[in-house]
Amino acid sequence: MKLKKLMSIVLTLVMVLALIPANFASYAQEQSPFDELVNIMDQKISGLFTKDGEIDLKSLTAMISLYDYLTEDGIEKYINEEFVKLDKETQAKLNDNGFTQQFIIDSVKEIISKDDLNKLKNIVESKDKTALKEYVKTKYNNVHKLIEKTTFYKNHQQYENIDIAEQKFAVSLLKKLYDGQKLVTRISSDENANIQILFEDKYIDDVNNEIKNEYDGRQFTANEIKVIKDVKNVAVKAFENKINSTNTQKDNIELIATKLDIWKTPATKPDNGGGSGGAGGGGGGSSSEDNSDISIPKDSIEMKTDGDKTIASVKTEDLEKLVKKALNEKEVTINIDLSKVDKDVEISLPIKSLKELKGKDVKVVINTKSVEVNIPLENLDLNNDSDMKLEVKQVKADEVKESMDNSVTKVLKVVDMNLFQGDTNIGKSFAKKVRVGINISDLDINKDKSVVVRINNNNTEIVGGKIENNKIYANLEHFSKYAVVERNVSFEDCKDHWAKQNIESMSAKGIINGYEDGSFKPSNNITRAEFAKLLVNELELDIVNTKSEFKDMQGHWANDYVNTAYKAGLITGYDGNFNPNDNITRAQMAAMIGRAIDTDKASDVSNFNDSLNIPTWARKDLSKAVAEGLIKGDNGMFRSDDNTTRAEATTVIYRMYNK
């Protein structure tokens, strides 16, 4: 591992530990999950590196600056301020359990000590990973010595394996927080708006249920959980207040959180709900004005095995109770977590429990170790009380290799999926596409050339290829056998071209094609119709087959793509025409890209040396595209009126695809 990368892992890990309330830390047993902790963070920090594997220096500088700031004197002020805001009864309970103001201050200072940075640098310079692990163990041991003195800890010593259970609590909470959650945001889209940590109480409730299932029914009581949440709220709010005392550190944490993929784009107006305290409650999930997440507790899922197959059924009464809590919401997500199930699986859901959600935007999200399946409610017949049953089977790669074309170099994973309601196979055709993510964390994979293909007899069809959080996604019109494969598509005229990687990747993923003679012609101009098709493909929009909105698109090969782009608000015309065969200028391309992305970020386009030539109608969208890193200049110039080449267009689409 490179020295710079190891340094960033260490710094990130220590920063995360600083966010965890001291009572979550536990004694470092020999069979400790430290390696697992590092692996969790290692997955997240990939965003901190360039494609060449080098650390992004701006991110590293921000991390060091933030760490230095957190270790300055003054954190006790913020902890004391938050502690005294608690009502007298809560303060008394924390004091009775040993979690006094001084305890919280001492624990935070132990986790992020001023001397740590130099110690960590010495460890990295020596490249001694054993010393690194011992360092982290020492941190846990030192905090544990503080915890041992608390009444809270002493009350648990009567239970066997309680140290291991508490340690499991901490690691499971980390996993819960960093498994696709957006943990950091601002309270509004204002440039200097305050930072908010989205550490919701429901994560603590969920993990407590996991402890119960794994440690002989032993879990923290409701009163103990409230103590844990109160300590968490004091620590997190103090952390927020410390960060929010300077705009520089607000910007630093936004940058780092964005790179770690834990940044949530802030609402246009301040969010009055949620906050550090979050919304707790036995798996019921969090809700806002318009949406609600329903997480099915593990004890509401009946599990059994049949040979190599796991059979899971959600209890009707439990689901009905959870659904009632979400009846006032417009959007509802029902989460079924079977992420520890790695065999063939059959999951049943009682449809009659969902009837009251009819007319709302509802999706059922099922996670197993191998797949994530997002099923819109529109695909289910709410007038039919028969249960929904999802089947996911693992298929050996050798069984489908003969179906692959010559471009496929590897068949990495194959799954066979079916969806039934009663005896009816409703997976043959969906009213609304089902988004499926296949886990690739266990695969040696070239992410630039990997796609999901549908296997239909002896033919294959590319159905997806975007990768996020170690899953490769596809939007499916029906269920069948699907394979994760690597494709190799190359062009002789791109062999030494600057955009070779981008072109080969987007060609492998079926976003753009070459010519029949085997060439790509990277320096050729691209037309407005061709770029509209590229953008629709990248955004994975459902194709709109209607009469053309433009007079000059009647009978044109790209009519449906242009119609789709128009309906999505990506394009406009000229006096009722689209001019599909005209070359697209760089300004026109920027306008289409800017309309396609959802961001509050903006960059000052006057930084381009030829900014006076940028047309007024393109400036806002160009500003967004530049801020998101999708469009860059050429030696300080933007060249608004220049035609866009196929290589340039493919590169912008490649950046969007991998954003």
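For the structure, see preceding data.
About the thresholds
Residues numbered from 1 in each chain as written. Predicted model: local features only at pLDDT ≥ 70, side-chain atom pairs only at ≥ 80, totals over all residues. Heavy atoms only, no water. Salt bridge = Lys/Arg side-chain N within 4 Å of Asp/Glu carboxyl O. Helix = DSSP H or I, 4+ residues; strand = E, 2+ residues; numbered from the N terminus. Buried < 20%, exposed > 50% of the residue type's maximum accessible area, 1.4 Å probe, protein only. Axes fitted to C-alpha atoms, helices over the stretch in contact; angles between N-to-C directions. Left-handed = near helix turned anticlockwise from the far one by under 90°. Contact = heavy atoms within 4.5 Å. Nonpolar A, V, L, I, M, F, W, Y, C, P; charged D, E, K, R; others polar. Expected span 1.5 Å × (residues − 1). Parallel < 35°, antiparallel > 145°, perpendicular 65-115°, else oblique. Pairing = 2+ DSSP bridges. Phe/Tyr/Trp six-rings, centres within 6.5 Å; stacked < 30°, edge-to-face > 60°. 1 Å grid on protein atoms, 1.4 Å probe; cavity = no way out; pocket = protein on both sides within 12 Å on 5 of 7 lines; lining within 4 Å. Points joined across faces, edges and corners; volume = space filled by probe spheres on them. Core = buried A, V, L, I, M, F, W, Y, C linked by side-chain atoms within 4.5 Å.

## Regarding the pattern of salt bridges
- Per the counting criterion, the structure on display carries 30 salt bridges.
- Residue D251 is joined to R186 by a salt bridge in which the shortest nitrogen-to-oxygen separation is 2.8 Å. Of this pair, D251 sits in helix α13 (residues 247-259) while R186 sits in strand β1 (residues 184-186); the two residues are 65 residues apart in sequence, bridging distant segments of the chain.
- When its relative accessible area of 4% is taken as the criterion, R186 is described as buried.

## What about the packing of helix α16 (residues 528-539) against helix α17 (residues 559-567)?
- Between α16 and α17, the least distance of the axes is 9 Å, while the angle of their chain directions is 65°. Our pair here, α16 against α17, has a crossing hand that is left-handed. Here A532, K533, V536 and N537 of α16 lie close against α17, whose contacting residues are Y561, V562, T564 and A565.
- Its residues placed into classes, the contact of α16 with α17 shows five nonpolar, two polar and one charged.

## Details of helix α19 (residues 616-627)
- In a regular helix each residue adds 1.5 Å, so twelve residues correspond to 16 Å; α19 covers 17 Å between its end C-alpha atoms and thus fits that length.
- Contact partners of the buried residues in α19: α18 (586-596).
- At the exit of α19 stands G629, carrying a positive phi of roughly 75°.

## With respect to the packing of α16 against α18
- The N-to-C vectors of α16 and α18 enclose an angle of 20°; their axes lie 11 Å apart at closest approach. The angle between α16 and α18 places the two elements in the roughly parallel class. When you trace α16 past α18, the crossing you get is right-handed. Across from R528, F531, A532, L535 and L539 in α16, the residues of α18 making contact are Q588, M589, M592, I593 and A596.

## With respect to the pairing of strand β4 (residues 301-306)
- Across six bridges, the pairing between β4 and strand β5 (residues 309-314) is antiparallel. By the bridge assignment for β5, T305 is matched with T310.
- Counting the residues between successive antiparallel strands, the hairpin from β4 to β5 contains two residues, one of them, G307, with a positive phi of roughly 65°.

## What about helix α15 (residues 500-508)?
- Taken across its nine residues, α15 has seven buried, putting it largely inside the fold.
- Every buried residue belonging to α15 is among N502, I503, E504, S505, M506, S507 and A508, and all of these are buried.
- Summarising the contacts, the buried residues of α15 are in contact with β14 (450-456), β15 (459-468), β17 (481-487) and α20 (646-657).
- Phi for G510, located one or two positions after α15, is positive at around 75°.

## Things to note about the packing of aromatic side chains
- In total, this model carries six aromatic pairs according to the counting rule given.
- Seen from their ring centres, F550 and F578 are 5.5 Å apart, and the 40° between their planes marks the pair as tilted. Placement of the pair is F550 in the loop between α16 and α17 and F578 in the loop between α17 and α18, with a sequence separation of 28 residues. Taken individually, F550 and F578 each receive the classification buried, so the pair is uniform in this respect.

## Details of the layout of surface pockets
- One number sums up the size of the second largest pocket: a volume of about 940 Å³.
- Around the second largest pocket sit 33 residues that line it, and I462, G510, I511, N537 and Y561 are the ones nearest its centre.
- Counting only elements with at least two residues in the lining of the second largest pocket, the list comes to β15, β16 (471-476), α16 and α20.
- Class assignment of the residues belonging to the lining of the second largest pocket gives a composition of 15 nonpolar, eight polar and ten charged.

## Remarks on the nonpolar core
- Counting residues in each nonpolar core, the largest one holds 51 residues, and the members touching the most others are I296, I334, I336, L354, V373, M417 and F479.
- Broken down by element, the residue count for this core peaks at four residues, all from strand β6 (residues 331-338).
- In this view, M417 contacts V373, E391, V392, V436, L476, F479, S480 and Y482; residues no more than four positions away in its chain are not counted.

## Topic: unusual backbone geometry
- For N469, which is not glycine, the phi dihedral falls at a positive 50°.
- In this structure, N469 sits in the loop between β15 and β16.
- A positive phi angle, near 65°, is found at R639, a position not held by glycine.
- Among the structural elements, R639 can be located in the loop between α19 and α20.

By themselves these figures say nothing about function.
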